[in-house]
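# Commentary on secondary and tertiary structure
Here is how the chains run, residue by residue.
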Amino acid sequence: MSSAIVQMQELRCHFGSGDALLAAVDGVNLEIEAGEVLGLVGESGSDKSTLGRIIAGLQPRSAGELIIGGEAMPRHYNRRQFKTMSTQIQMVFQDSYASLNPRMTILASLQEPLWSQGVDAAAARAKACYWLERVGLPQSAGERYPHELSGGQRQRIGIARAFIAEPKLVICDEPVSALDVSVQAQIINLLQELQTEHNTAMLFIAHDLAVVRFLATRTAVMYLGEIVELGATPHLFEGPRHPYTAKLLAAHLDGVIKERKLAPAIRGQSAGHKAPLASDSGCRFAPRCAMAEPACSANPPWLRPTKVATMAACHRLADVEILKLRK
Ligand SMILES: Nc1ncnc2c1ncn2[C@@H]1O[C@H](COP(=O)(O)OP(=O)(O)OP(=O)(O)O)[C@@H](O)[C@H]1O
Ligand SMILES: [Mg+2]
């Protein structure tokens, strides 16, 4: 049996209907192994959050298989399945304010995930007090409401809430991008400590490539709903094989993907613009790719092993590898 916590097979999510049917997540095959940190990067609109939300059960998929802890999940969960899924998978959102109930004290918010698991009141309170301290907040913060905390403090609570019920996977969707730069590193360090301490798997979605390089064991690169490159983080960052990954890394400035910097280099179709399903024949990146040739627009590429032990979905892979060898 696979040790994967999550297995995705040809996972798809389409929005709209009829002629306006747009492909979002489009045929993703990916596994998240126990205890690993999988980074997920790509430009704005490449469907990273949509993929995270599907895994967390917050967005139904349109097609494909989603297997969690060995159990094939239906498109819409019943109560039992939602409970099973949410004990195993939790999410940390970019907007910590929206993810907390404004009418609940911090201590009550922390206990909430435990109540749904049937943990008794005294044990839940004790655990919430422990986690308050573990994420670096004083006990007095427990009696406060979300609006009385700073963004960094609220995100600490969001993190405690995600870890408190000991899930197997925590999905972090841009967990620090709304925070002051001065607190970002503290929050990243906290996430890393907790991940190591509890051996929790993490799907870490971020624009900040430096943070992904620091945290992630493996990295997946997403372009218009597809995984175009996947592999061990050092290999992928040091020897990108997909022309899109190479552009993404080149555009990376001060650790953050600058969309403006990408624009002149990658012309044509922009990420976020969805190709209608009907014209979905070749490589999605071809209209923006300096290496594209007519054949690239004829058939979709699939993920293939590269010489640096990553996987890349590019028809020109052999030529890219020759170019790399020459450099
Ligand atoms: N509920 C929805 N209905 C229609 N379209 C949607 C819906 N949710 C997402 N989309 C489409 O999918 C696109 C990608 O969204 P998503 O938020 O997953 O991208 P992302 O890679 O997380 O971007 P960012 O880096 O900006 O967070 C959106 O631009 C939007 O067009
Ligand atoms: Mg997003």
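Reading the values: the criteria
- Residues numbered from 1 in each chain as written.
- Chains lettered and ligands numbered in written order.
- Predicted model: local features only at pLDDT ≥ 70, side-chain atom pairs only at ≥ 80, totals over all residues.
- Heavy atoms only, no water.
- Pairing = 2+ DSSP bridges.
- Helix = DSSP H or I, 4+ residues; strand = E, 2+ residues; numbered from the N terminus.
- Buried < 20%, exposed > 50% of the residue type's maximum accessible area, 1.4 Å probe, protein only.
- Contact = heavy atoms within 4.5 Å.
- Polar contact = N/O pair within 3.5 Å; in protein donor to acceptor, adjacent residues only side chain to side chain.
- Axes fitted to C-alpha atoms, helices over the stretch in contact; angles between N-to-C directions.
- Parallel < 35°, antiparallel > 145°, perpendicular 65-115°, else oblique.
- Nonpolar A, V, L, I, M, F, W, Y, C, P; charged D, E, K, R; others polar.
- Salt bridge = Lys/Arg side-chain N within 4 Å of Asp/Glu carboxyl O.
- Near = heavy atom within 4 Å.
- Areas by Shrake-Rupley, 256 points an atom, 1.4 Å probe, with all protein chains shown as cover.
- Phe/Tyr/Trp six-rings, centres within 6.5 Å; stacked < 30°, edge-to-face > 60°.
- Lys NZ or Arg CZ within 6 Å of the ring centre and 35° of its normal.

## Brief notes about the pairing of strand S4 (residues 63-68)
- Summarising the sheet, strand S1 (residues 4-15) and S4 pair through five bridges and their orientation is antiparallel. The residue of S4 that forms the bridge with Val6 is Ile68.
- Direction of pairing for S4 relative to strand S5 (residues 71-73): antiparallel, over a ladder of three bridges. Residue pairing for S5: Leu66 is matched across the bridge by Met73.
- Between S4 and S5, which pair antiparallel and follow one another directly, the connecting turn spans two residues, one of which, Gly69, has a positive phi of 55°.

## Re the environment of His242
- One can find His242 in the loop between helix H8 (233-238) and helix H9 (243-250).
- According to the relative accessible area criterion, His242 is buried, its value standing at 2%.
- Expressed as a C-alpha distance, the spacing of His242 and Leu230, which sit 12 residues apart in the sequence, is 9.7 Å.
- Sequence-distant contacts of His242, that is, excluding residues within four places in its chain, are made with Val228, Glu229, Phe285, Ala312, Ala313 and Cys314.
- Here the side chain of His242 touches Tyr244 through a polar contact of 2.9 Å, landing on its backbone nitrogen.
- In terms of polar contacts, His242 uses its side chain to reach the backbone carbonyl oxygen of Ala313, at 3.0 Å.

## Brief notes about the sheet that holds S5
- If you walk across this open sheet you meet the four strands as S2-S1-S4-S5, and the pairing is antiparallel. Across the chains shown, the open sheet's two edge strands, defined by having one partner strand only, are strand S2 (22-33) and S5. Put simply, the sheet's adjacent strands are angled 20° from each other on average, direction ignored.

## Comments concerning the packing of helix H4 (residues 121-134) against helix H6 (residues 181-198)
- With their axes 12 Å apart at the nearest point, H4 and H6 run at an angle of 130° to one another. Compared by their axis directions, H4 and H6 come out oblique. Of the residues in H6, those touching H4 at Tyr130, Trp131 and Arg134 are Leu190, Glu193, Leu194, Glu197 and His198.
- Classifying every residue of the contact of H4 with H6 gives four nonpolar, one polar and three charged.

## Section: the pattern of salt bridges
- Inspection of the entire model under this criterion finds 15 salt bridges.
- Arg218 is the salt-bridge partner of Glu36, the closest N and O atoms lying 2.8 Å from each other. Of this pair, Glu36 sits in the loop between S2 and strand S3 (37-41) while Arg218 sits in strand S9 (residues 218-223), and the two are 182 residues apart along the sequence.
- Glu36 gets classed as buried once you look at its relative accessible area, which sits at 9%.
- Through salt bridges with shared partners, one network takes in Glu10, Arg12, Asp26 and Arg284.

## Things to note about the site of ligand 1
- Ser44, Lys48, Ser49, Thr50 and His207 are the nearest of the 11 residues found near ligand 1.
- The separation between an oxygen atom of ligand 1 and a polar main-chain atom of Ser46 is 3.1 Å.
- Contact distances for ligand 1 include 2.5 Å between an oxygen atom and a side-chain N or O atom of Thr50.
- Protein burial of ligand 1: of its 640 Å² of free accessible surface, 58% is covered by the chains.
- The greatest single-element share of the shell around ligand 1, amounting to three residues, is contributed by helix H1 (residues 48-55).

## What about the packing of aromatic side chains?
- Counting across every chain of the model gives six aromatic pairs.
- Arranged with centres 6.3 Å apart and planes meeting at 50°, the rings of Tyr77 and Phe82 form a pair that is tilted.
- Residue Phe82 is classed as partly exposed on the basis of its relative accessible area, which comes to 36%.
- Between Trp131 and Phe163, the aromatic rings sit 6.3 Å apart at their centres with planes inclined by 20°, giving stacked as the arrangement. Remark: Phe163 occurs in helix H5 (residues 151-163) and Trp131 occurs in helix H4; sequence separation between them is 32 residues. Both residues of the pair, Trp131 and Phe163, count as buried.
- Through pairs of rings, three or more aromatic residues link up here, namely Tyr130, Trp131 and Phe163.
- Cation over ring: Arg304 sits above Trp302, and NZ or CZ is 5.5 Å from the ring centre.

Remember, this is a structural readout, not a statement about activity or role.
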